[in-house]
Amino acid sequence: RTFPWRIVGIFDKEIDILSSELIYLLSDNTEKGTDHSWIKPGKVLWDWWNDRNIYHVDFLSGINTATYMYLIDYAANHGIDYILIDEGWSERDDLLTLNPNVDIPAICRHADNKGVGVMLWAKWINVDKQIDASFELMKKWGVKGVKIDFMDRNDAKMVNFYERVAKKAYECKFLIDFHGSYPNEGMRRKYPHLMTREGVIGLEYNKWSKKATPEHDVMITYLRMWAGPMDYTPGAMLNSQHETFFINQHEPMSQGTRVHQLAMYVIYESPLQMLSDSPSKYNENQECFNFLKTVPVIWDRTVPLYGNIHKNIVLAREKDNVWYVGVLGNSEEQEVEINLSFLSEGQYTMQAFKDGLNANKNGKDYQFFEQNVFSKDILKVHLAKGGGFVAVFRK
């Protein structure tokens, strides 16, 4: 029989954790002959976190066909790969009975015509009861993936459920996002279509608590992300400091600065990376959105540069000869030095976002700038409280 296994990692420095692939390397490999060519990572436009709070449009936004048709068009216009339709598209305890206000077959046809994939949310208990019938129906509609939620445990029965889902999803060519999940320990190598998992206090907690603090955001880079990709679901355009943060279900906000949110797209690994805020908010913040919709979700190389588990993280990643650097800080103002020696010799154009001069008062304040740099340079960056920095380097 196969027994559960556990790993302990011991590192010389905190930053070394981010170079470790120990869990992946010890995991079972994918079976020979399996075809993974259909797996497509990408960005996901998500409806739930922003409460479908879309404005300046000619329809009543909500859980209805018109809203999802709009999201598909928006995704197609901005090169976003998927939309995620969260709770409400089906009956609460029945995945086979549609909400009459949401025409999933028509939505999927429209999405296919636009080159956008549709993912659907489901409670695990309904998937457990209806996995064959519901997955085959979703496949008939043209659904590309399923987000499964509320498992909230990791006993043997639940782990076996994950295995059932992985096998059936492979048959249907579905990507899977396990929300309400334990961290991804040991399955994603065998089943690469298990793209990401929550297993973390993420952005959604700002809708009902104050747990997702800047300190927390830094710490999970070292702890949670060691286990593999995490569905933190970043992308908030309403950003606040501790003094001005408040819980709001309908127009939620994040803790920390705007650039703190942007940097998460470089630092946090998730092959299905959410764009959690409303299209209306992204329209109002086009400069930031231009970065969010183009930053990669998978990488060729990762170089951890510097970090302190309680204070900050500085990480460089490369995709197609373009380098990205992300910096996250805790709730204290601080100075960070970024040694650019990870770049090959020569001159680079750097496009960067940094905390604005007034970001300590208004978390939305940022500055975008460009300058030429060399691999021998050391950048000095000032982080506001809950701050961040993100840069793109092209030779």
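An account of the accompanying structure is given in this report.

### Things to note about the packing of helix 7 (residues 258-267) against helix 9 (residues 286-294)
- Taken N-terminus to C-terminus, the directions of helix 7 and helix 9 make an angle of 15°; their axes are 9 Å apart at the nearest point. Regarding the angle of helix 7 to helix 9, the classification is roughly parallel. At the point where helix 7 passes helix 9, the crossing takes the left-handed sense. Here helix 7 contributes Arg-258, Leu-262, Tyr-265 and Val-266 to the contact with helix 9, which in turn contributes Cys-288, Phe-291 and Leu-292.

### A few points about the packing of aromatic side chains
- Taken as a whole and assessed by the stated rule, the structure comprises 22 aromatic pairs.
- Ring centres of Phe-59 and Tyr-70 lie 5.4 Å apart, and the angle between their planes is 50°; this geometry places the pair in the tilted category. Of this pair, Phe-59 sits in the loop between strand 1 (42-46) and helix 2 (65-77) while Tyr-70 sits in helix 2, and the two are 11 residues apart along the sequence.
- Judged by centre distance (4.7 Å) and plane angle (15°), the rings of Tyr-282 and Phe-289 are stacked.
- When its relative accessible area of 0% is taken as the criterion, Phe-289 is described as buried.
- Through successive ring pairs, a cluster of aromatic residues spans Phe-59, Tyr-70, Tyr-74, Tyr-282 and Phe-289.
- When the ring centre of Tyr-182 is taken as origin, the NZ or CZ atom of Arg-197, which lies over that ring, is 4.9 Å away.
- A cation sits over an aromatic face here: Lys-354 above Phe-369, 5.1 Å from the ring centre.

### Quick word on a nonpolar patch on the surface
- A surface patch of nonpolar side chains, about 280 Å² in accessible area, is lined by Trp-5, Leu-22 and Leu-26.
- Mapped onto the secondary structure, Trp-5 falls in the segment before helix 1 (22-26).

### Concerning unusual backbone geometry
- Phi angles above zero are rare outside glycine, and Asp-51 is one such case at about 60°.
- Relative to the elements of secondary structure, Asp-51 occurs in the loop between strand 1 and helix 2.
- Its relative accessible area of 30% is what places Asp-51 among the partly exposed residues.
- We note that Lys-173 has phi near 60°; this positive angle belongs to a residue other than glycine.
- Secondary-structure assignment places Lys-173 in the loop between helix 5 (156-172) and strand 7 (175-178).

### Focus on the pattern of salt bridges
- On inspection of all chains with the given rule, the structure shows 16 salt bridges.
- With a closest N to O distance of 3.4 Å, Asp-81 and Lys-40 form a salt bridge. Separated by 41 residues along the polypeptide, Asp-81 in the loop between helix 2 and strand 2 (82-85) and Lys-40 in the loop between helix 1 and strand 1 bring together distant segments of the chain.
- Exposure remark for Asp-81: the relative accessible area of 18% places this residue in the buried category.
- A relative accessible area of 41% means that Lys-40 is categorised as partly exposed.
- One salt bridge in this structure joins Arg-52 and Asp-47, with 3.0 Å as the shortest N-O distance.
- Exposure remark for Arg-52: the relative accessible area of 8% places this residue in the buried category.
- Its relative accessible area of 1% is what places Asp-47 among the buried residues.
- Via salt bridges that share partners, Asp-132, Glu-136, Lys-168 and Glu-171 belong to a single interconnected network.

### Observations regarding the side chain of Arg-317
- Mapped onto the secondary structure, Arg-317 falls in strand 13 (residues 312-319).
- Although Arg-317 is buried, it makes no salt bridge; Glu-269 carries the closest opposite charge, 5.2 Å away.
- For Arg-317, the side chain forms a polar contact with the main-chain oxygen of Ile-267, separated by 2.9 Å.
- Setting aside residues up to four positions removed in sequence, Arg-317 forms contacts with Met-225, Val-266, Ile-267, Glu-269, Trp-299, Arg-301, Thr-302, Val-322, Trp-323 and Tyr-324.

### Focus: the sheet that holds strand 2
- Ordered by their spatial adjacency, seven strands build an open sheet running 8-7-6-5-2-1-11, and the pairing between neighbours is parallel. At either margin of the open sheet sits one strand with a lone partner, and together these are strand 8 (194-197) and strand 11 (272-275). With strand direction ignored, the average angle separating the axes of adjacent strands in the sheet is 25°.
- Both strand 5 (residues 117-123) and strand 6 (residues 145-149) contribute to a ladder of five bridges, which runs parallel. Residue Ala-122 lies in a different strand from strand 6, and its bridge partner there is Ile-148.
- Helix-sheet contacts for helix 4 (residues 124-141) involve strand 5 and strand 6, and the interaxial angle to strand 5 is about 160°.

### Describing helix 6 (residues 214-222)
- Burial of helix 6 is extensive: seven of the nine residues sit out of reach of the surface.
- All of the buried residues in helix 6 are Pro-214, His-216, Asp-217, Val-218, Ile-220, Thr-221 and Tyr-222.
- Here the buried face of helix 6 lies against strand 10 (254-255), helix 7, strand 12 (301-308), strand 13 and strand 14 (322-329).

### Focus on helix 2
- The terminal C-alpha atoms of helix 2 lie 18 Å apart, and with 13 residues this matches the ideal 18 Å at 1.5 Å per residue to within 8%.
- Within the sequence span of helix 2, burial applies to Thr-65, Thr-67, Tyr-68, Leu-71, Ile-72, Tyr-74 and Ala-75.
- Of the surrounding elements, those touching the buried residues of helix 2 are strand 1, strand 2, helix 3 (104-114), helix 8 (279-284) and helix 9.
- The opening residue of helix 2 is Asn-64, an N-cap whose side-chain oxygen sits 3.3 Å from the backbone nitrogen of Ala-66.

### Points about the pairing of strand 14
- Burial analysis of strand 14 places eight of its eight residues in the buried class, the great majority of the element.
- On strand 14, burial covers both faces: Val-322, Tyr-324, Gly-326 and Leu-328 on one face and Trp-323, Val-325, Val-327 and Gly-329 on the other are all buried.
- By the bridge criterion, eight bridges tie strand 13 to strand 14 in an arrangement that is antiparallel. Along strand 14, the bridge assignment pairs Leu-315 with Gly-326.
- Sheet topology note: the strand 14/strand 19 (residues 388-394) ladder contains six bridges and is antiparallel. Bridged to Tyr-324 within strand 19 is Val-392.

Thresholds applied
- Residues numbered from 1 in each chain as written.
- Predicted model: local features only at pLDDT ≥ 70, side-chain atom pairs only at ≥ 80, totals over all residues.
- Heavy atoms only, no water.
- Axes fitted to C-alpha atoms, helices over the stretch in contact; angles between N-to-C directions.
- Helix = DSSP H or I, 4+ residues; strand = E, 2+ residues; numbered from the N terminus.
- Parallel < 35°, antiparallel > 145°, perpendicular 65-115°, else oblique.
- Left-handed = near helix turned anticlockwise from the far one by under 90°.
- Contact = heavy atoms within 4.5 Å.
- Phe/Tyr/Trp six-rings, centres within 6.5 Å; stacked < 30°, edge-to-face > 60°.
- Buried < 20%, exposed > 50% of the residue type's maximum accessible area, 1.4 Å probe, protein only.
- Lys NZ or Arg CZ within 6 Å of the ring centre and 35° of its normal.
- Patch = residues over 30% accessible without salt bridge, like charges linked within 9 Å, V, L, I, M, F, W, Y side chains within 5 Å.
- Areas by Shrake-Rupley, 256 points an atom, 1.4 Å probe, with all protein chains shown as cover.
- Salt bridge = Lys/Arg side-chain N within 4 Å of Asp/Glu carboxyl O.
- Lys, Arg positive; Asp, Glu negative; His and termini not counted.
- Polar contact = N/O pair within 3.5 Å; in protein donor to acceptor, adjacent residues only side chain to side chain.
- Pairing = 2+ DSSP bridges.
- Expected span 1.5 Å × (residues − 1).

Read these as geometric descriptors, not functional statements.
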